[in-house]
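Structural description and commentary
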Amino acid sequence: MRIGHRPERDKRITTHVGLVARAFGADGFILGDISDEKVTTSLRKVCEMWGRRDFQVVTGVSSKKYVREWKERGGMVAHLTMYGLHVDDVIDEIRKALGDILVVVGAEKVPRYFYEVADYNIAVGHQPHSEVAALALFLDRLFEGRELHFIYSDAKIRIEPCSHGKKVVRNA
Ligand code: SAM
């Protein structure tokens, strides 16, 4: 879940949060408190072409209500922030926990509410960087690198790895 999105400024980076969520194994992307058709359209196009048509894209929901209801259903909330506990100190515990994980990333200043409601406030290192990098590294550690090998059976095209140039093939 991306919160604090500013349509004029963040369109690209918010789309990148969604792309990373999809490519690194999350089941969906939620844009809290605002709708942005351009972000939704970009993500849907990628899912259509590269697979994961079941990847959920939800926008315009109240982030606080969504988090509250998520927790009521027994889900875990992991808020990524440089002020939290180091990812390496909590990731094994999180991986072992049952239930779905809602990963929250911010834009500028994140309201205190999210620090308090989160089951885990997790730092991907204690330096300020980016929501895109934080999400990618968190998911990579959660899936222990396996997500980079996922193959999506509903993809229309796929890449044939090659040492030079580009090779893209259409799936039968
Ligand atoms: N000082 C801001 C804050 O309130 O955390 C940093 C904003 S940063 C541009 C945007 C988002 O990137 C943060 O809300 C957080 O989700 C993520 N982020 C940046 N650095 C991080 C770090 N070291 N560990 C975890 N998440 C980080």
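Figured I'd write up the structure that's included with this text.

The rules we used
- Residues numbered from 1 in each chain as written.
- Predicted model: local features only at pLDDT ≥ 70, side-chain atom pairs only at ≥ 80, totals over all residues.
- Heavy atoms only, no water.
- Near = heavy atom within 4 Å.
- Polar contact = N/O pair within 3.5 Å; in protein donor to acceptor, adjacent residues only side chain to side chain.
- Areas by Shrake-Rupley, 256 points an atom, 1.4 Å probe, with all protein chains shown as cover.
- Helix = DSSP H or I, 4+ residues; strand = E, 2+ residues; numbered from the N terminus.
- Nonpolar A, V, L, I, M, F, W, Y, C, P; charged D, E, K, R; others polar.
- Core = buried A, V, L, I, M, F, W, Y, C linked by side-chain atoms within 4.5 Å.
- Buried < 20%, exposed > 50% of the residue type's maximum accessible area, 1.4 Å probe, protein only.
- Contact = heavy atoms within 4.5 Å.
- Axes fitted to C-alpha atoms, helices over the stretch in contact; angles between N-to-C directions.
- Parallel < 35°, antiparallel > 145°, perpendicular 65-115°, else oblique.
- Pairing = 2+ DSSP bridges.
- Right-handed = clockwise from strand over helix to strand, strands pointing away.

Some remarks on the site of the ligand
The ligand sits among 19 residues. The nearest are Leu80, Ala107, Val124, Gly125 and Gln127. In the environment of the ligand, an oxygen atom lies 2.6 Å from a nitrogen or oxygen atom belonging to the backbone of leucine 80. Between the ligand and threonine 81 there is a distance of 3.4 Å, counted from a nitrogen atom to a backbone nitrogen or oxygen. For the ligand, whose free accessible area comes to 560 Å², the fraction covered by protein is 86%. For the shell around the ligand, the secondary structure elements donating two or more residues are β3 (76-86), β5 (120-123) and α6 (131-142). Top contributing element to the shell around the ligand by residue count: β3, with four residues. Residue composition of the shell around the ligand, grouped by class: 11 nonpolar, six polar and two charged.

Looking at the nonpolar core
Within the largest apolar cluster, 31 residues are counted, with the highest numbers of intra-cluster contacts made by Phe29, Ile94, Ile122 and Phe138. Looking at this core, the elements with two or more residues in it are α1 (7-23), β1 (28-32), α2 (37-50), β3, α4 (87-96), β5 and α6. With seven residues, α6 is the largest single contributor of residues to this core. Excluding anything up to four places from it in sequence, phenylalanine 138 contacts Ala78, Leu80, Val87, Ile91, Ile94, Val103 and Ile122. Ranked by size, the runner-up nonpolar core spans 13 residues in total, among them Ile30, Trp70, Leu102 and Val110.

Looking at the packing of α1 against α6
Here α1 crosses α6 at 5 degrees, and the two axes come no closer than 9 Å. Classified by the angle their axes make, α1 and α6 are roughly parallel. On α6, the residues that touch Ile13, His16, Val17, Val20 and Ala21 of α1 are Glu131, Val132, Leu135, Ala136 and Leu139. Grouping the amino acids of the contact of α1 with α6 by side-chain chemistry returns eight nonpolar, one polar and one charged.

Section: the pairing of β3
With four bridges joining them, β3 and strand β4 (residues 101-104) adopt parallel strand pairing. Each residue of the ladder has a partner; that of alanine 78, found in β4, is valine 103. On the question of chirality, the crossover connecting β3 to the parallel β4 by way of α4 is right-handed. As defined by bridge partners, β3 adjoins β5 across five bridges and the pair is classed as parallel. Across the sheet, residue histidine 86 finds its bridge partner in β5, namely alanine 123.

Interpretation note: all reported values are geometric properties and have no functional meaning in isolation.
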